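# A structural walkthrough
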Amino acid sequence: MALSARLNMRQSQSMVMTPQLLQSIRLLQLTHAELQLFVAEQVERNPLLEVGDTAPVSIAVEPVVDEAVFDRRETADAPTAESMADTFDSSVENLYPDDPGRGDGPGTMHDKPGEAPMRGQGNGAETSESNWSIEDFATTARTLREIVAEQVPLALRHRGDRIIAMELADLLDERGYLEADLDDVAERLDCERADIEAVLGVLQTFDPPGIFARDLAECLRLQCARRDRLDPAMEALLANLPLLARRDFRALSRICAVDETDLIDMLEEIRRLDPHPGLAYAGSGNEGIVHDVDVFPAPDGSWHIELNDEVLPKVLVDRTYHATVTAGRLDDEGKAFMSQCLQDANWLERALDQRATTILKVAAEIVRQQDAFLVHGVSRLRPMTMRSVADAISMHESTVSRVSANKYMLTPRGLFEFRYFFTVAITGTGPGSEDHSSESVRQRIREMIDAEVPSQVLSDDAIVERLATEGVEIARRTVAKYREAMGLSSSVQRRREKQARLAASA
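Note that residues are indexed from 1 along each chain, following the sequence as it is written. Where local features are concerned, this predicted model is filtered to residues with pLDDT of at least 70; where side-chain atom pairs are given and counted, the filter is 80 or more; whole-chain, interface and lining totals use all residues. Side-chain numbers here rest on the full set of heavy atoms in the structure, without hydrogens or water.

### Let's talk about the overall build of the protein chain
Think of it this way: any DSSP run of H or I at least four residues long counts as a helix, any run of E at least two long counts as a strand, and we number them from the N terminus. On a plain count of helices and strands, the protein chain comes out with 25 helices and nine strands. Each residue gets one of three labels from its accessible area relative to the maximum for its type: buried under 20%, exposed over 50%, partly exposed in between, using a 1.4 Å probe on protein chains only. Counting the 506 residues in the protein chain, one finds 35% classified as buried. Note on definitions: a residue-residue contact is assigned when non-hydrogen atoms from the two residues lie within 4.5 Å. A separation threshold of at least 6 residues defines the contact pool for the protein chain, and within that pool the share at least 24 residues apart is 63%. Within the structure as shown, the protein chain displays about 31400 Å² of accessible surface, and the carbon and sulfur contribution to it stands at 50%. Here the Shrake-Rupley method, with its probe set to 1.4 Å, supplies the accessible areas, and only the displayed protein chains count as covering residues.

Spelled out as C-alpha cells, the structure:
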C-alpha cells in the first residue's frame with residue numbers, strides 16, 4: 001500500500017481558556033479587600049474606567065416547604081402610617097416634623113446672617129459630597145512592640161539597658177513569649193548574660209501581664225504574681241501543669257498540700273488568666289471581616305437577600321470620552337490602545353456584574369435550603385453539599401466552591417461563612433428518618449456533655465447510644481473526633497473535675 005498525502009476537513013468543538021475567562025474565574029474567589037485593590041489598579045491603568053456609586057442588589061427567597069418551620073415562624077406586619085397614627089393618636093407628620101438624614105440649611109444658629117456656612121458645619125449636601133469616614137480619624141491600633149517601647153524609658157534609665165530591652169522586644173512572638181537563647185543575645189550585643197537577665201526581669205513586669213515569659217508556666221506565674229496570688233501552693237500547681245491537664249486532682253492536692261476546695265479555687269484563678277497575652281495585639285493591622293450578603297426576614301415570611309454595597313465595587317465606562325478621543329487625530333498605536341482600553345473596560349463591567357449575580361444566586365439557594373437553621377438554630381441545620389447547590393442553580397460545582405471561599409453572610413443568627421452551611425450528612429436510623437448534619441450532631445454532643453451530672457458522666461459509648469435513640473447512627477471514633485475538635489475532655493477527666501467541684505461546693 002503506497003503512502004500519499006491527503007487533505008481532509010473535520011469539524012470539532014473544544015473549550016479554550018482565554019485570559020479574560022481565567023481572570024473572570026479568579027474574580028469569583030477574591031475577597032472584598034482583594035477585589036477593591038484589583039478594581040483600583042484597573043481604574044488607575046485604564047483611562048476609560050471610573051468608580052461609580054453602587055445600587056443595592058437584592059432578591060426575595062421562598063424557603064423549602066417545611067410545615068414545622070412555618071408553624072413556628074413568628075411573623076409580624078410592617079408598621080404603616082395608618083397603624084402608627086392609630087397607636088400614637090397623631091399623624092406621621094406630627095410625630096416626625098423634621099426629615100431625618102438631612103443637615104441644617106444655611107440659616108442655622110451656627111452661622112451668622114449673610115455668611116457662608118463654616119467648614120464642617122454646612123448643609124447636608126456639603127457633608128455628603130465630602131464622603132468622609134470616621135475610620136479616617138480613628139487612631140491606629142498599636143502593636144505589642146509599641147506597647148513595650150512606651151514603657152521602656154519609664155523603667156530603664158541606662159542607654160545600654162534600653163538597647164537590650166528593644167532587642168528582646170524584637171524577639172517576641174505573636175503570643176508575647178520570648179523564645180530566644182539569652183547567651184546568643186548576650187554574644188550579639190557584646191554584654192554579659194547577667195545584664196540580659198536583669199533587663200528581662202524588668203520587662204516581665206510590663207503590661208500586658210505575662211509577656212516576655214519563656215513558657216506557659218512562667219506566663220501564668222507572672223500574672224499570678226501581678227495579682228498577688230503566687231503563694232507556695234500556686235507555685236506547686238504551676239510546676240505540675242501536666243497533672244492539671246489530666247485532671248489528677250488527688251495528686252495535685254497532695255503536692256500542693258491543700259484540700260480539693262482550695263484546689264478548685266486555684267483552678268478558677270488560673271482559668272481567668274490569659275495564656276497568650278500578646279495575641280490581643282497580633283492582628284492589629286489586619287482588616288476585620290466584612291459580610292458580603294445581608295439576610296433578613298420579610299413580612300410575608302420569606303427571606304430577603306441583599307448584597308452588601310460596601311463590598312460591591314461599581315465601575316463605569318466613559319464611552320463619551322472614548323468617542324471624543326478616537327474622533328481626533330490618533331496614530332495607529334493610539335487607536336489600538338484606546339480600543340484595547342474599551343475592550344478591557346467592558347469586560348470588567350460585565351465580570352463584576354456576573355460575579356455579583358453568581359454570589360447572589362449561591363446565597364439565595366443556601367438560604368432556601370437552610371431556612372430551618374435561620375428559624376430554629378444549629379439543631380435544624382440540614383446536610384448540604386456543593387453539588388446539590390450547583391445542580392439547583394444550574395452551575396458547576398467548582399463555581400460554587402470558588403464563590404463560597406472567603407464569603408460571609410450576615411443572618412439573624414449571626415455572621416457565617418458560606419462554607420459553614422456545607423456539612424456532611426450522617427445517616428438517620430429508623431423508618432422515615434432524615435439525614436442529620438454533622439454540625440447539628442456536634443451541637444447535640446455538646447449539649448449532652450453540658451447537661452452531665454457528676455454521678456452520670458457520659459462516655460463516648462453512652463453518647464453513641466443516646467444518639468441512636470434519637471435517630472442518629474454514628475461510630476464511637478466519630479464521637480471522639482467531634483468531642484476533641486470542640487475542645488471537650490474525655491469522660492474520665494470530666495468526672496474528676498465534676499466530682500472535685502461537687503466536693504468543693506459541699
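After that view, the rundown keeps rolling.
### Structural notes on the confidence of the model for the protein chain
You can read pLDDT as the predictor saying how much it trusts each residue, on a scale of 0 to 100. The predicted model of the protein chain has a mean per-residue pLDDT of 78, with 78% of residues at 70 or higher. Here helix α3 (residues 67-72) stands out as the least confident element of the protein chain, with mean pLDDT 42; strand β6 (residues 408-411) is the most confident, with 91. Within the model, the stretch residues 65-78 combines pLDDT values under 50 with 23 contacts to residues more than four positions away or in other chains. Predicted confidence for residues 87-129 stays below pLDDT 50, and this span has 26 contacts to residues more than four positions away or in other chains.

### Some details on helix α21 (residues 397-404)
For α21, the full list of buried residues reads Thr 399, Val 400, Val 403 and Ser 404. Down the axis of α21, the smallest arc covering the buried residues is 130°, so these residues share one side. In the segment just after α21, Asn 406 is the residue with positive phi, at about 60°. The directions from the helix axis to the C-beta atoms are what the arc is built from.

### Concerning the pattern of salt bridges
The salt bridge definition used is simple: a Lys or Arg side-chain nitrogen within 4 Å of an Asp or Glu carboxyl oxygen. In the structure shown here, the tally under the stated rule is 22 salt bridges. Residue Glu 269 is joined to Arg 227 by a salt bridge in which the shortest nitrogen-to-oxygen separation is 3.7 Å. Taken together, the residues span a long stretch of sequence, with Glu 269 in helix α15 (residues 260-271) and Arg 227 in the loop between α11 (216-226) and α12 (232-238) at a distance of 42 residues. With a shortest N-O distance of 3.1 Å, Glu 397 and Arg 387 are connected by a salt bridge. On the criterion of sequence distance, the pair formed by Glu 397 in helix α21 and Arg 387 in helix α20 (residues 386-392) is long-range, its members being 10 residues apart. For Arg 387, a relative accessible area of 52% puts it in the exposed group. Salt bridges linked by common partners bring Arg 227, Arg 229, Glu 269 and Arg 272 together as one network.

### Quick word on the packing of aromatic side chains
Ring pairs shown here join Phe, Tyr and Trp side chains whose ring centres sit within 6.5 Å, with only the six-membered ring taken for Trp; geometry is labelled stacked below 30 degrees between planes, edge-to-face above 60, and tilted in between. Applying the stated criterion across every chain yields a total of six aromatic pairs. Among the aromatic side chains, those forming a connected cluster through ring pairs are Phe 373, Phe 416, Tyr 420 and Phe 421.

### Details of unusual backbone geometry
Most peptide bonds take the trans configuration, and most residues that are not glycine carry a negative phi. Going from Asp 207 to Pro 208, the amide bond is cis rather than trans, its omega being -5°. Despite not being glycine, Asp 190 shows a phi value in the positive range, around 55°. Along the chain, the position of Asp 190 falls in the loop between α9 (182-189) and α10 (193-203).

### Observations concerning a nonpolar patch on the surface
Think of a patch as exposed residues, more than 30% relative accessible area, with no salt bridge, where like charges cluster within 9 Å and nonpolar side chains (Val, Leu, Ile, Met, Phe, Trp, Tyr) cluster within 5 Å. Taken together, the side chains of Ile 289, Leu 410 and Leu 415 define a hydrophobic patch exposed on the protein surface, amounting to about 250 Å² of accessible area. Structurally, Leu 415 can be placed in strand β7 (residues 414-417).

### Notes on the packing of helix α2 (residues 32-45) against helix α18 (residues 332-369)
Here α2 crosses α18 at 165°, and the two axes come no closer than 12 Å. When the axes of α2 and α18 are compared, the pair comes out roughly antiparallel. Classified by chirality, the crossing of α18 by α2 is left-handed. Residues Leu 35, Phe 38, Val 39 and Gln 42 of α2 form the contact with α18, whose participating residues are Trp 347, Leu 348, Leu 352 and Arg 355. Residues were grouped as follows: Ala, Val, Leu, Ile, Met, Phe, Trp, Tyr, Cys and Pro as nonpolar; Asp, Glu, Lys and Arg as charged; and all remaining residues, including Gly, as polar. Grouping the amino acids of the contact of α2 with α18 by side-chain chemistry returns six nonpolar, one polar and one charged. Each axis is a line fitted through C-alpha atoms, and for a helix only the stretch in contact is used; angles between axes span 0 to 180 degrees, taken between their N-to-C directions. Oblique is the label for every angle not falling under 35 degrees (roughly parallel), over 145 degrees (roughly antiparallel), or within 65 to 115 degrees (roughly perpendicular). Left-handed describes a crossing whose near helix is turned anticlockwise from the far helix by less than a right angle; the clockwise case is right-handed.

### Here we look at the side chain of His 322
Mapping His 322 onto the fold places it in helix α17 (residues 319-327). Non-local contacts of His 322, meaning those with residues more than four positions away in its chain, are made with Leu 48, Met 338, Ser 339 and Leu 342.

### What to know about the state of the cysteines
The bond known as a disulfide is covalent and runs between the sulfur atoms of two cysteines. Cysteine sulfur atoms are paired as a disulfide whenever they fall within 2.5 Å. All told, the structure shown has zero disulfides when counted by the stated rule. There is no disulfide at Cys 219, and the cysteine sulfur nearest it, in Cys 224, is 9.7 Å away. The exposure class assigned to Cys 219 is buried, which follows from its relative accessible area of 0%. Looking at Cys 224, the relative accessible area reads 1%, which means it is buried.

### Topic: the packing of helix α7 (residues 144-155) against helix α8 (residues 159-170)
Closest axis-to-axis distance for the α7/α8 pair is 10 Å, and the angle between their directions is 165°. The pairing of α7 with α8 is recorded here as roughly antiparallel in orientation. In the packing of α7 onto α8, the handedness of the crossing is right-handed. Where α7 abuts α8, its residues Arg 145, Val 148, Ala 149, Val 152 and Pro 153 lie against Arg 162, Ala 165, Met 166, Ala 169 and Asp 170. Here the contact of α7 with α8 is built from residues that sort into seven nonpolar, no polar and three charged.

### Examining the environment of Gly 201
Structurally, Gly 201 can be placed in helix α10. The spacing of Gly 201 and Ala 213 is 12 residues in sequence and 9.9 Å in space, taken between C-alpha atoms.

### Some thoughts on the environment of Leu 342
As for its placement among the helices and strands, Leu 342 is situated in helix α18. Measuring from C-alpha to C-alpha, the distance between Leu 342 and Pro 47 comes to 9.2 Å, with 295 residues separating the pair along the chain. Excluding its chain neighbours within four sequence positions, the residues that come into contact with Leu 342 are Leu 48, Val 317, Arg 319 and His 322.

### Observations concerning the pairing of strand β3 (residues 293-297)
Whether two strands pair depends on DSSP finding at least two bridges between them. Alignment of β3 against strand β4 (residues 303-307), held across five bridges, turns out to be antiparallel. What sits directly across from Asp 294, in β4, is Glu 306. Where β3 folds back on β4, the antiparallel hairpin that results is connected by five residues, among which Gly 301 adopts a positive phi of roughly 95°. Pairing of β3 with β6, which is carried by two bridges, proceeds in the parallel orientation. When the bridges of β6 are listed, Val 293 appears paired with Met 409.

### A look at the environment of Leu 168
Checked against the element boundaries, Leu 168 lands in helix α8. Note on Leu 168: relative accessible area 0%, which makes it buried. Along the sequence, Leu 168 and Leu 178 sit 10 residues apart, while their C-alpha atoms lie 7.5 Å from each other. Other than its neighbours up to four places away in sequence, Leu 168 contacts Leu 178, Val 185, Ile 196, Leu 200, Leu 203 and Phe 212.

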